[in-house]
Amino acid sequence: MGKDARASWDNPRQFVLACVSYAVGLGNVWRFPYLCQLHGGGGFLIPYLIMLFLEGLPLFYMELAIGQKMRLGSIGAWTAISPYLGGLGLASVVTSMYLCLYYNIINAWSFWYIFHSFQSVLPWAVCPINSNQTGPTEECERATPTQYFFYRETLNISSSIEENGGIHKGQALCLVLAWAITYLFIVRGVKSTGKVVYFTATFPYLVLFIYLIRGITLHGAINGIKYMFTPKMAALANPTTWINAATQIFFSLGLGFGSLIAFASYNQYNNNFQQQAIVIALINSGTSIFASIVTFAIYGFKATVNYENCLNRMRILLLNTFDLAEDTISMDNILESIEKLNTTYPVQFAQIADKVREGECNLVKELDTAVEGSGLAFIVYSEAIKNMPLPQLWSVLYFFMLLLLGMGSMLGNVTAIITPLRDFKIISCFLAGLVCLFCLLLGLGFTTTSGNYWFTIFNDYAATFSLLFIVLIEVIAVSYIYGIKRFEKDIEDMLGHRPNWYWKIMWALTSPLLLIALFIFYIINYIQGGTPTYQAWNKELGESVVMEYPIFGQVFIGLLLVSSVCCVPLTALYAFCRKRKAGACEKRPSSVSTVSV
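What you see is a predicted model; the values in this text were computed from it and never measured.

Regarding the overall build of the protein
Working step 1: For the protein, the helix and strand inventory stands at 26 helices and two strands.
Working step 2: If you line up the protein on its principal axes, its C-alpha atoms span 120 × 55 × 45 Å.
Working step 3: Out of the 597 residues in the protein, the part that is buried amounts to 56%.
Working step 4: Put simply, of all contacts in the protein between residues at least 6 apart along the chain, 81% involve residues at least 24 apart.
Working step 5: Accessible area of the protein: about 25900 Å², with a carbon and sulfur share of 63%.
Working step 6: Once the 37 positive and 35 negative side-chain charges of the protein are each reduced to a mean point, those two points are 17 Å apart.

Encoded structure:
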C-alpha cells in the first residue's frame, strides 16, 4: 500500500518549503514574542528549546513518517493502521475545517490594511473628524487612532456578542479575495502548491530581515532588545512557563491537523523525512526567535516614544503650574525637577499631585505591557509604524508579510481537508472549489458586527482541546497499538535504517506523558476558570472590557470542544458494529447449510 502511484512533489525542496510555509505562521510573529515578554524574556527560551526536543520534534517526525509510509491523507492513513482509528483522521479534518473557517479572516484584515496604506496620511495615524465637522470623533478621542481604526473602521464591532448587525461589505470583499487566492494556490494540488511555496515560504524572511535592519536603527529599539535578552530566571520556577512553552511548540509546528500527514503523503517513498523533520523544526523555532528580536526592537521604539511623550506631558504640566521658563525643565532632569518642586512649593505641588501620580512615567512598565494576537499585529505594530519615516512603505511591507504567513498556513489547512477526501474519490474535480466556497460562505459570519467575538471563540476553543486529544491518541496508537517494533521496520523500509534510541524513548514514554500532563492541565484550567469570558469593545469608554459569554455562547463553546473529539470514539464504535455485523453474516450461511445436511 505504501508504494502505490500517487501525485508527488517535484523535488524534496518543495516539500520542505511547504512544511516551512505551513508551520511558520502568525503564531511565530504574534504569540511567541508575547510569551517571551510574559515569562521572563530570554529565560523563556530555555523551557521552549527543551520542549522542542522532548515533544515537538518527535511528534513532527512521527506524523511525517505516517504520511510518507501510508501515502494517504489523515483518514486513510489512520484507517490503514487500524479501522478503529479512522476517527483520528476525521477529527483532524473537522479541526482543520474549523481553523479554515476563521483563519482566512485574518488574511482579509491584512488585505484591508494593505489597501488603506496607500494614503498620504495613514488612516490609523489620526482621528477622523466627527459628522458636525467640529472636532475628532468622540470614540477615537477616548481610545487611540490605531484602536479606533481596528475596532470601528476594520471590524465595526458591536458592544457585545449578543448585539448582531449586518455584514461589513469591505471586509466581506477582502474575505472573498483571500479565499479566491487560496483556491488558486491549491486548485491543482501539489503541482500548484509546490510552486507557490517558493514565494510564501521565503518572502516573509526578506521582510523580517528588512524590518530587523530598520528596527534596530529606531530610537529606543535597544531598550526592547535588552529587555528580551535579560532573562528573569525566577520565571522558570513557574509551572505555567513550562506549560506555555510546551503548548507553543505543539501548535507552532501544526501537529494534529493532518496537514503534515497530507504533505508527507506526496513524498517519494524513500525520501529522507528524518533529516527534513529536524531542519523544518529548527527553522520554525529559529524563526520564532528571529521574529521576537524584530518585535522587541519595535516594542522598544514604541515604549520609548510613549515614555518620552509621557515625560513631555509632565514637563508641560510643571511649566504651566509653576509658571516657569521653557528651558527650566528638560526631558533629562524632569524627575529631579519633580522632587525639587515638591520640596520647594509643597502647597502648589499638592494641587497637581494626583495628576503626577496618574501620569507617572516608567519605561519598564511600558515594556512590561504584554500584548498578543490581533492586538499585537494590528494595533501595537500599527502604532509603531505610524511613527516611522515613510510609514506607508513599512505598513505595506509588514501587512504583506502577515498576508503571506497567513496564506502559507492556509495551504496546509485546506490540504488537510482536501487530501483525505480525494483519497476516497469524493467529487475530486470540483472538491477544492467546493471546500473554499463552503468555508467562505460560513466565514462571512465573521464579517458581521459581532463577528470578532465569534472569531475569538473559534480561536480560543476550536482547536486547543481537540488537538491535544488527537495527538495524544496518535502517539499512543503508534507506540502501543500499531507497535514501536512495526513502526521501526516501516521507517527502516523507507530510510534504510531504524530510528535511534532517542526517538523511541520520546514516542513510547516522554511525549505521551507530557501530552497527558498538558491535557489534564487544560481540563483543570477550564473547569477552574469558571464562566468563559471575552474582551468586548466599549465605545463609550474607548477600551476593551471583560464580559461573560451568554448561555448560547457557552453551549457553542461546549459543542466546539466535543464535536471533533467525539469523532474518535464514534468512528471506533461504528467500525466495531460493522465488524460484528459482518461476522454475524458470515456465520449465518454456515449454520443454515449444516441444518440442510
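A look at the side chain of serine 511
Working step 1: With respect to the helices and strands, serine 511 occurs in helix H24 (residues 501-528).
Working step 2: Aside from chain neighbours lying at most four places away, what touches serine 511 is Leu54, Glu55, Pro58, Leu59 and Met506.

What to know about the nonpolar core
Working step 1: Ile66, Tyr211 and Phe378 are the most contacted members of the largest nonpolar core, which totals 187 residues.
Working step 2: For this core, the leading source of residues is helix H6 (residues 86-115), giving 19 residues.
Working step 3: Those residues in contact with isoleucine 66, other than ones at most four positions away along the chain, are Arg71, Ala77, Trp78, Ile81, Ile261, Val478 and Phe487.
Working step 4: The next biggest cluster of nonpolar side chains, apart from the first, holds 13 residues, and it includes Leu319, Ile329, Ile338 and Cys361.

Some words on helix H25 (residues 551-563)
Working step 1: For H25, which comprises 13 residues, the first-to-last C-alpha distance of 18 Å matches the rise-based estimate of 18 Å (1.5 Å per residue) to within 8%.
Working step 2: Listed in full, the buried residues belonging to H25 are Gly553, Ile557, Leu560 and Leu561. Projected onto a plane normal to the axis of H25, the buried residues spread over an arc of 95° and lie on a single side. Set apart from the buried face of H25 by more than 90 degrees, the exposed residues are Ile551 and Leu559.
Working step 3: Here the buried face of H25 lies against H6, helix H22 (451-461), helix H23 (464-495) and H24.

Observations regarding the UniProt feature "binding site: Na(+)" (unreviewed entry) in the protein
Working step 1: Under the UniProt annotation, the feature "binding site: Na(+)" (unreviewed entry) is placed at Ala23, Val24, Asn28, Ser252, Asn284, Leu405 and Ser409. These residues run over 387 residues, yet every pair of their C-alpha atoms falls within 12.6 Å of each other.
Working step 2: Looking at where alanine 23 falls in the secondary structure, it is placed in helix H1 (residues 12-23).
Working step 3: Overall, alanine 23 belongs to the buried group, its relative accessible area being 6%.
Working step 4: Examined against the element boundaries, valine 24 turns out to sit in the loop between H1 and helix H2 (26-30).
Working step 5: When its relative accessible area of 5% is taken as the criterion, valine 24 is described as buried.
Working step 6: If near-sequence neighbours (up to four positions away) are discounted, valine 24 is found in contact with Tyr205, Asn284, Thr287, Leu405 and Ser409.

Here we look at the packing of helix H4 (residues 45-70) against helix H15 (residues 273-322)
Working step 1: Put simply, H4 and H15 touch, their axes get as near as 9 Å, and they point 140° apart. The handedness of the crossing between H4 and H15 comes out as right-handed. Along its contact with H4, which presents Leu45, Tyr48, Leu52, Phe53, Leu57, Phe60, Tyr61, Leu64, Ala65 and Gln68, the element H15 presents Phe273, Gln274, Ala277, Ile278, Ile280, Ala281, Leu282, Asn284, Ser285, Ser288 and Ile289.
Working step 2: Classifying every residue of the contact of H4 with H15 by side-chain character gives 16 nonpolar, five polar and no charged.

Here we look at the packing of aromatic side chains
Working step 1: Under the criterion given, the structure shown has 50 aromatic pairs.
Working step 2: With a centroid separation of 5.3 Å and 55° between ring planes, the pair formed by tryptophan 124 and phenylalanine 149 is classed as tilted. Residue tryptophan 124 is located in the loop between H6 and helix H7 (138-142), and its partner phenylalanine 149 is located in helix H8 (residues 145-154); the two are separated by 25 residues in the primary sequence. Here tryptophan 124 matches phenylalanine 149 in class, with each residue buried.
Working step 3: For arginine 486, the ring lying beneath its charged end belongs to tyrosine 482, and the centroid distance is 4.1 Å.

Description of unusual backbone geometry
Working step 1: Its identity as a non-glycine residue notwithstanding, arginine 71 has a phi of 50°, on the positive side.
Working step 2: Within the fold, arginine 71 resides in the loop between H4 and helix H5 (74-81).
Working step 3: Positive phi, close to 45°, is recorded for asparagine 156, a residue that is not glycine.
Working step 4: As for its placement among the helices and strands, asparagine 156 is situated in the loop between H8 and helix H9 (169-186).
Working step 5: What makes asparagine 156 partly exposed here is its relative accessible area of 34%.

Re a nonpolar patch on the surface
Working step 1: Together, Trp501, Ile505, Leu509, Leu513, Ile516, Ile520 and Ile524 give the surface a local cluster of nonpolar side chains, amounting to about 680 Å² of exposed area.
Working step 2: Residue position: isoleucine 524 is located in helix H24.
Working step 3: Residue class for isoleucine 524 comes out partly exposed when judged on its relative accessible area of 42%.

Describing the pattern of salt bridges
Working step 1: Counted under the stated rule, the structure contains ten salt bridges.
Working step 2: Here glutamate 383 ties to lysine 386 by a salt bridge, and the two come within 3.2 Å at their closest N and O atoms. With respect to class, glutamate 383 is no different from lysine 386; both count as buried.
Working step 3: A salt bridge links glutamate 488 to arginine 498; its shortest N-O distance comes to 3.8 Å. Of this pair, glutamate 488 sits in helix H23 while arginine 498 sits in the loop between H23 and H24, placing them ten residues apart in sequence.
Working step 4: Owing to a relative accessible area of 6%, glutamate 488 belongs among the buried residues under this scheme.
Working step 5: Look at arginine 498 and you get partly exposed, because its relative accessible area is 36%.
Working step 6: Three or more residues are tied together by salt bridges with common partners; here these are Glu488, Glu492, Arg498 and Lys504.

Side note on helix H21 (residues 431-443)
Working step 1: With 13 residues, H21 should cover 18 Å at 1.5 Å per step; its first-to-last C-alpha distance of 18 Å lies within 8% of that length.
Working step 2: Inspection of H21 places Leu431, Ala432, Val435, Cys436, Cys439, Leu440 and Gly443 among the buried residues, and these make up the whole buried set. Mapping the buried residues of H21 onto a view down its axis gives an arc of 165°, with all of them on the same face.
Working step 3: Here the buried face of H21 lies against H6, H9 and helix H20 (391-423).

Quick look at the pairing of strand E1 (residues 533-538)
Working step 1: Relative to strand E2 (residues 543-548), E1 runs antiparallel, the two being bridged by six bridges. Looking at E2, one finds that glutamine 535 is bridged to valine 546.
Working step 2: Counting the residues that bridge the hairpin from E1 to E2 gives four residues, and of these glycine 542 lies at a positive phi of roughly 75°.

Definitions and cut-offs
Residues numbered from 1 in each chain as written. Predicted model: local features only at pLDDT ≥ 70, side-chain atom pairs only at ≥ 80, totals over all residues. Heavy atoms only, no water. Helix = DSSP H or I, 4+ residues; strand = E, 2+ residues; numbered from the N terminus. Buried < 20%, exposed > 50% of the residue type's maximum accessible area, 1.4 Å probe, protein only. Contact = heavy atoms within 4.5 Å. Areas by Shrake-Rupley, 256 points an atom, 1.4 Å probe, with all protein chains shown as cover. Lys, Arg positive; Asp, Glu negative; His and termini not counted. Charge placed at Lys NZ, Arg CZ, Asp CG, Glu CD. Core = buried A, V, L, I, M, F, W, Y, C linked by side-chain atoms within 4.5 Å. Expected span 1.5 Å × (residues − 1). Arc of directions from axis to C-beta. UniProt positions renumbered as here; feature names shortened; annotations may be inferred. Axes fitted to C-alpha atoms, helices over the stretch in contact; angles between N-to-C directions. Left-handed = near helix turned anticlockwise from the far one by under 90°. Nonpolar A, V, L, I, M, F, W, Y, C, P; charged D, E, K, R; others polar. Phe/Tyr/Trp six-rings, centres within 6.5 Å; stacked < 30°, edge-to-face > 60°. Lys NZ or Arg CZ within 6 Å of the ring centre and 35° of its normal. Patch = residues over 30% accessible without salt bridge, like charges linked within 9 Å, V, L, I, M, F, W, Y side chains within 5 Å. Salt bridge = Lys/Arg side-chain N within 4 Å of Asp/Glu carboxyl O. Pairing = 2+ DSSP bridges.

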